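The chain contents come next:
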Amino acid sequence: MGIFDKFKIGFKKSASALTSGLKEIIIKKEIDDKNLNKIEEFLIESDVGVEAASEIKEIISSKKIDPNKDLSTEINLILKEYIINLMKPLENNSFFEKKDKLNATLISGVNGVGKTTTIGKIGKILKTNGNKVMFAASDTFRAAAIEQLENWANKIDVKITKSSQGSDPASVAYKAVEEAIKNNFHQVLIDTAGRLQNKKNLMEEYKKIANVTKKIDQDAPHNIILVLDATSGQNVINQVEEFNKIIPLTGLIMTKLDGTAKGGILLAIAKKYQLPIIALGLGEKEDDLQLFNAEKFAEAFTQVN
């Protein structure tokens with residue numbers, strides 16, 4: 001199955017809700033001010049965000065659309081072009097490539113977004129690309145988290161650094177980076193405990209994990225990736241805001257896009273924060289984490305079912 005097929009299946013619910021909603025609004029051969037306002041309101045309700053919805057409305061109003069063409073199709077094309085222009089600069093095609101020296105990545109996010117599973121999927125892609133990979137089990141609050149990451153390490157045959165439940169999470173990260181440098185690893189993926197962004201003590205612990213790695217490599221962690229759950233809708237905006245305050249994020253991964261019609265939230269985040277989008281989770285299988293591609297995303301998001 002090609003990348004577009006993955007995107008198309010993953011965004012089926014979001015695309016269906018979008019295109020059917022627009023069709024209900026566009027019943028004339030022309031777009032008047034009333035319909036323009038309805039389109040804007042619908043896009044906001046679809047989690048696209050106020051700013052992006054307003055811009056799309058202005059673009060539609062300024063376009064001269066041939067009345068002999070299908071209006072809903074033309075609107076979809078405008079939306080597709082907007083998405084590509086907005087999100088193309090946010091691609092990060094080099095993230096999964098083989099690195100010449102150690103690249104330490106801190107994986108963060110609130111409870112239940114699928115961080116540990118995402119780390120396993122990232123690790124598989126990195127290894128396939130020739131990287132020597134290590135996992136750091138710095139979610140020491142839950143024994144199940146350590147066990148889950150260890151299962152992934154065994155499944156894809158990569159090294160894991162761990163400690164017992166209740167150990168200092170930062171010490172595990174420090175040990176992993178230290179060992180990785182000593183043994184010429186290319187990638188260390190650091191798992192962290194699920195944190196509510198409004199819990200100050202947990203966020204300080206998260207910050208400490210990042211800081212201790214700098215004692216070994218001043219540039220570490222080289223990536224700070226926030227994992228988001230698409231089914232959470234507008235809640236993810238606040239998550240990006242708060243995590244970005246603690247340690248500036250270098251990229252985002254959004255999971256569970258196949259199980260929601262709220263895929264438009266990715267546009268809202270892209271418009272507001274302009275952070276690199278590393279990958280998208282489009283299913284439960286090992287190979288369902290897909291490198292973000294703006295054109296394929298736009299095409300799948302605006303597909304007519």
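Residues numbered from 1 in each chain as written. Predicted model: local features only at pLDDT ≥ 70, side-chain atom pairs only at ≥ 80, totals over all residues. Heavy atoms only, no water.

A. Focus on the side chain of Thr192. Counting through the fold element by element, Thr192 comes out in strand E4 (residues 187-192). Separated by 2.6 Å, the side chain of Thr192 and the backbone oxygen of Ile107 make a polar contact. When sequence neighbours within four positions are dropped, the list of residues in contact with Thr192 reads Leu106, Ile107, Ser108, Lys115, Ser138, Asp139, Tyr206 and Ile209. (Helix = DSSP H or I, 4+ residues; strand = E, 2+ residues; numbered from the N terminus. Polar contact = N/O pair within 3.5 Å; in protein donor to acceptor, adjacent residues only side chain to side chain. Contact = heavy atoms within 4.5 Å.)

B. Examining the side chain of Lys121 more closely. Following the sequence through the fold, Lys121 ends up in helix H6 (residues 115-128). At 5.5 Å, Asp288 is the nearest oppositely charged side chain to Lys121, a buried residue that forms no salt bridge. Side-chain polar atoms of Lys121 contact the backbone oxygen of Lys285, separated by 3.3 Å. Each residue touching Lys121, except ones within four places of it in the same chain, is listed here: Trp152, Gly283, Glu284, Lys285, Glu286, Asp288 and Leu289. (Buried < 20%, exposed > 50% of the residue type's maximum accessible area, 1.4 Å probe, protein only. Lys, Arg positive; Asp, Glu negative; His and termini not counted. Salt bridge = Lys/Arg side-chain N within 4 Å of Asp/Glu carboxyl O.)

C. Representation of the nonpolar core within the structure. Ranked by size, the top nonpolar core spans 98 residues in total, and within it Met87, Phe135, Met254, Ile269, Leu280 and Phe297 carry the most contacts. If one sorts the elements of this core by residue count, helix H5 (residues 71-87) sits on top with nine residues. Leaving out residues up to four positions away in the same chain, Ile269 has contacts with Leu228, Val236, Ile237, Val240, Leu252, Met254 and Gln274. (Core = buried A, V, L, I, M, F, W, Y, C linked by side-chain atoms within 4.5 Å.)

D. Quick peek at the packing of helix H9 (residues 200-213) against helix H10 (residues 235-246). At a minimum axis distance of 10 Å, the contact between H9 and H10 shows a crossing angle of 55°. In terms of their interaxial angle, H9 and H10 are classed as oblique. In the crossing of H9 with H10, the sense of the turn from one axis to the other is right-handed. Across the interface between the two elements, Met203, Tyr206 and Lys207 of H9 pack against Glu242, Phe243 and Ile246 of H10. (Axes fitted to C-alpha atoms, helices over the stretch in contact; angles between N-to-C directions. Parallel < 35°, antiparallel > 145°, perpendicular 65-115°, else oblique. Left-handed = near helix turned anticlockwise from the far one by under 90°.)

E. Spotlight on the sheet that holds strand E8 (residues 289-291). On the basis of which strands lie adjacent, the open sheet formed by eight strands has the order E3-E2-E4-E1-E5-E6-E7-E8 and mixed pairing. Since the sheet does not close on itself, it has two edges, and those belong to strand E3 (159-161) and E8, each with one partner. The sheet shows a mean angle of 25° between the axes of neighbouring strands, direction not considered. Pairing between strand E1 (residues 103-108) and E4: four bridges, direction parallel. Each residue of the ladder has a partner; that of Leu106, found in E4, is Ile190. The sheet strands contacting helix H8 (residues 169-182) are E1, strand E2 (133-138), E3 and E4, and the helix crosses E2 at an angle near 165°. On the sheet, helix H11 (residues 265-273) packs against strand E5 (223-229), strand E6 (251-255) and strand E7 (277-281) and is oriented at approximately 170° with respect to E6. (Pairing = 2+ DSSP bridges.)

Geometric values such as these leave the question of function open.
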